[in-house]
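Structural overview for review
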Amino acid sequence: MKTLLLTLGLVLLAVLLLGCRVLFVKGGKFPSGHVHDIPALKKRNITCGTKE
């Protein structure tokens, strides 16, 4: 039971930390994870696998 509560607590903490920008910034949103929106991947000419 202790392990389950510890795991749930850690997952909750991770979700809150990942969502700080969304929860606490007015108009905040999660950053895009799409390949075409990441400048470093554009420089390397890496494209989405579904387009090939």
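In what follows, the structure referred to is the one given above.
In this report, the structure presented in the accompanying data block is examined. Being a predicted model, the structure only gives us computed values, none of them experimental.

When helices and strands are tallied, the protein shows three helices and zero strands. When the helices and strands of the protein are read in sequence order from the N terminus, they spell out α-α-α. Taken over the C-alpha trace, the protein has a radius of gyration of 17 Å; the compact-globule value for 52 residues is 10 Å, which it surpasses by more than 25%. Projected onto the principal axes, the alpha-carbon positions of the protein cover approximately 50 × 30 × 15 Å. Expressed as a percentage of its 52 residues, the buried residues of the protein come to 2%. Accessible surface, the protein as shown: approximately 5,100 Å² in total, 68% of it carbon and sulfur.

Let's shift gears to a nonpolar patch on the surface. A grouping of L12, L16, L23, F24 and V25 is seen on the molecular surface, where their side chains present a nonpolar patch of about 530 Å² in accessible area. Position of L16 relative to the elements: it lies in helix α1 (residues 2-18).

Moving on, we come to the environment of G28. Tracing the backbone through its elements, the reader meets G28 in the loop between α2 (20-24) and α3 (39-43). The exposure class assigned to G28 is partly exposed, which follows from its relative accessible area of 22%. If we ignore the near neighbours within four places in the chain, the residues touching G28 are R21 and V22.

The general pattern is negative phi for most residues beyond glycine and trans for most peptide bonds. Positive phi values are uncommon outside glycine, yet N45 reaches one of about 60°. Along the chain, N45 turns up in the segment after α3. For N45, a relative accessible area of 65% gives the class exposed.

Thresholds, definitions, all that
- Residues numbered from 1 in each chain as written.
- Predicted model: local features only at pLDDT ≥ 70, side-chain atom pairs only at ≥ 80, totals over all residues.
- Heavy atoms only, no water.
- Helix = DSSP H or I, 4+ residues; strand = E, 2+ residues; numbered from the N terminus.
- Rg over C-alpha atoms; globule rule 2.2 N^0.38 Å.
- Buried < 20%, exposed > 50% of the residue type's maximum accessible area, 1.4 Å probe, protein only.
- Areas by Shrake-Rupley, 256 points an atom, 1.4 Å probe, with all protein chains shown as cover.
- Patch = residues over 30% accessible without salt bridge, like charges linked within 9 Å, V, L, I, M, F, W, Y side chains within 5 Å.
- Salt bridge = Lys/Arg side-chain N within 4 Å of Asp/Glu carboxyl O.
- Contact = heavy atoms within 4.5 Å.

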